[in-house]
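# Observations on chain architecture
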Amino acid sequence: MAVQQRTLDCKDLHSYLKTLPATVLDRLYNHPATCLAVFRELPELSRLYIMRILFVDQAVPKAIMGSWVSPNSAKELEDIVKLLSDLRLWQEVEMQGGLKGWLLNPTFRRNLKGALLGGGNEWSMKPPTDTDPKARGITILDEYAMGRWECVLHFMVGSHQHEVISSDALQILQHAGLMKKEVGENQLTITRDGFQFLLMDTSAQVWYFLLQYLDTATARGLDLIDCLGFLFQLSFSTLGQDYSTDSMSDGLQKFLQHLREFGLVYQRKRKDGRFYPTRLALDIASGPKKSMLNTMRATSSNQSSGYIIVETNYRVYAYTDSSLQVALIALFCELMYRFPNLVVGIITRESIRQALRSGITADQIVSFLRQHAHPECYKEPPVLPSTIADQIKLWAIERDRFIYKDGVLYNQFDSQADFEILKNYAQERGVLVWHTIHGRKMVVTKEGHEEVRKFWKRHSRNGSM
């Protein structure tokens, strides 16, 4: 088992779509909102290629498309071809004369053109015909969204101030491996992945949480295609605008209630027939990227999103009264003093090692401190003293000096030739862990031991005949 820590994998939009079956992707592109969201997140050169062939109804020869970039960009073009092929946005076809060409996915072409130029069936959500007498402003929506989302985070850190979260949220936390039930216990406890999740950016947290939810959509009796299409529609909605639920199917109504629990939409009552998307939903198609969610934190708490000052003597000053933020700082700091709107702590070798044992990485700690640095820190960069960042990483490296692997030792060879033969065989099979000529010793992996042992028996039998 390697000492190095595994980082929580948070796929972006394209990485997630690549994991879907081809039939699901083809159905997904029937939604103009999906096509526009996928196109928006493509690299710049990919978008250029799509736009140049968007109005071409036939295949375009590879030679012609290759001439659109300089020879120095051959590797970048190769990456683009693979990305668009994996997403099934185009396919390779054979043209007249045996030429190879690329043909844009007809469904994707039609719906992207409709999204960009208009025409076809209306794909955006419709506002209600009547005005909401109890309309909610942006500030209220921001406070609601962060309140609902931080409720999940409070539950994860074991804060006594958290509200009761829904059974759906509990199931997703377990499905994602962020929390688990220990043997013989009824209560959920946070896992190593859960600690890493807590220090992620809010947009990345929401996206990762939704990916885990979508993994269970079919088991919940929901259509994955409809759920994804609705999420992409939400990403193109207007903050502060209410939308009607009249044309939504029963499955989408159920999905809407789950999004309501997680803070992605606001709805007073289900029978109201309207809902308000929040900032958590507006940027969802961008995946785990920095977005305007920090603005929401600032708005909801009436303060700047930055609240941490770190001094070169390892003292940490957090200007906050949020129990959640205090709990997050306590993951890697020793708390010393607690005042109404200020917490003082200190970063020590032991506090960092405890965080590392919990599954948090040094890079995540450094990123968290920089991301939430107090505005005063920006007046004299760097916002985080380099000595602090370097020391945190050095303490982490102390745990990575050795890599442990199970293996089997081979020694007491009769001759150097026998040692070389067996060593070369293990090396060719990729199961050799270590060897030394002095003393004729070698170690192979536990998995490769049986294969090497059988080879040695055959070699010994043939040599003795």
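Residues numbered from 1 in each chain as written. Predicted model: local features only at pLDDT ≥ 70, side-chain atom pairs only at ≥ 80, totals over all residues. Heavy atoms only, no water.

## Concerning unusual backbone geometry
It is generally the case that most residues other than glycine have a negative phi and that most peptide bonds are trans. Across the junction of P381 and P382, the peptide omega takes the value 5 degrees, indicating a cis bond. At R88, a residue that is not glycine, the phi angle is positive and equals roughly 60 degrees. Among the secondary structure elements, R88 is positioned in the loop between α6 (74-86) and β2 (90-94). Positive phi outside glycine occurs at R440, with the angle close to 50 degrees. Mapping R440 onto the fold places it in the loop between β14 (432-436) and β15 (441-445). A relative accessible area of 27% places R440 in the partly exposed class. (Helix = DSSP H or I, 4+ residues; strand = E, 2+ residues; numbered from the N terminus. Buried < 20%, exposed > 50% of the residue type's maximum accessible area, 1.4 Å probe, protein only.)

## Comments concerning the sheet that holds strand β10 (residues 315-318)
The pairing of strands in a sheet comes from backbone hydrogen bonds and takes either a parallel or an antiparallel form. The sheet built from 4 strands is open, its strands ordered β9-β10-β12-β11 with antiparallel pairing. At either margin of the open sheet sits one strand with a lone partner, and together these are β9 (308-310) and β11 (334-339). Across the sheet, the mean angle from the axis of one strand to that of its neighbour is 15 degrees, orientation sign disregarded. Bridging between β9 and β10 involves 3 bridges; their strand directions are antiparallel. Along β10, the bridge assignment pairs I309 with Y317. (Pairing = 2+ DSSP bridges. Axes fitted to C-alpha atoms, helices over the stretch in contact; angles between N-to-C directions.)

## Things to note about the pattern of salt bridges
Counting across every chain of the model gives 22 salt bridges. When the shortest N-O distance is used, the salt bridge between D26 and R88 registers 3.1 Å. With a gap of 62 residues between them, D26 in helix α2 (residues 22-28) and R88 in the loop between α6 and β2 connect regions that are remote in the sequence. With a relative accessible area of 33%, R88 lands in the partly exposed category. With a closest N to O distance of 2.5 Å, R220 and D168 form a salt bridge. Taken together, the positions of R220 in the loop between α11 (202-215) and α12 (224-235) and D168 in helix α9 (residues 167-175) put the pair 52 residues apart, joining distant regions of the chain. Of the two residues, R220 and D168, neither departs from the other in class, the shared state being buried. Overlapping salt bridges, with partners in common, bring together D130, D242 and R274 in one network. (Salt bridge = Lys/Arg side-chain N within 4 Å of Asp/Glu carboxyl O.)

## Here we look at the domain arrangement of the protein chain
What the domain assignment reports for the protein chain is domain 1 (13-117), domain 2 (138-296), domain 3 (308-400) and domain 4 (407-463). The gap between the C-alpha centroids of domain 3 and domain 4 is 49 Å. (Domains from an automatic or database assignment.)

## Regarding a nonpolar patch on the surface
Taken together, M51, F55, L116 and L117 make up a surface patch of nonpolar side chains, about 390 Å² in accessible area. The topology assignment puts L116 in helix α7 (residues 106-117). (Patch = residues over 30% accessible without salt bridge, like charges linked within 9 Å, V, L, I, M, F, W, Y side chains within 5 Å. Areas by Shrake-Rupley, 256 points an atom, 1.4 Å probe, with all protein chains shown as cover.)

## Topic: α11
Between the first and last C-alpha of α11 there are 20 Å, a value that for 14 residues agrees with the 20 Å anticipated at 1.5 Å per step. Counting buried residues in α11 gives 13 out of 14 residues, a clear majority hidden from the surface. (Expected span 1.5 Å × (residues − 1).)

## Thoughts on the packing of helix α3 (residues 32-40) against α12
Between α3 and α12, the shortest axis-to-axis distance is 8 Å and the interhelical angle comes to 65 degrees. Judged by the sense of rotation from one axis to the other, the crossing of α3 with α12 is left-handed. Contacts from A33, T34, A37 and R40 in α3 reach G229, F232, Q233 and S235 in α12. Residues that form the contact of α3 with α12 fall into these classes: 3 nonpolar, 4 polar and 1 charged. (Left-handed = near helix turned anticlockwise from the far one by under 90°. Contact = heavy atoms within 4.5 Å. Nonpolar A, V, L, I, M, F, W, Y, C, P; charged D, E, K, R; others polar.)

## Regarding the packing of helix α8 (residues 138-157) against helix α13 (residues 250-262)
Look at α8 against α13: their axes get within 7 Å of each other, and the N-to-C directions meet at 85 degrees. Relative to α13, the element α8 is oriented roughly perpendicular. The residues of α13 that touch α8, namely those facing Y144, R148 and W149, are R260, E261 and F262. Here the residues of the contact of α8 with α13 are counted per class, giving 3 nonpolar, no polar and 3 charged. (Parallel < 35°, antiparallel > 145°, perpendicular 65-115°, else oblique.)

## Here we look at the nonpolar core
Grouped together as the largest cluster of nonpolar side chains are 117 residues, with contacts concentrated most on F230 and F332. Counting residues per element, this core draws most heavily on α11, which supplies 9 residues. Filtering out sequence-adjacent residues up to four positions away, F332 remains in contact with L199, S351, I352, A355, I365, F368 and L369. Formed by 12 residues, the second largest nonpolar core is a distinct cluster that contains F413, Y425, L432 and F455. (Core = buried A, V, L, I, M, F, W, Y, C linked by side-chain atoms within 4.5 Å.)

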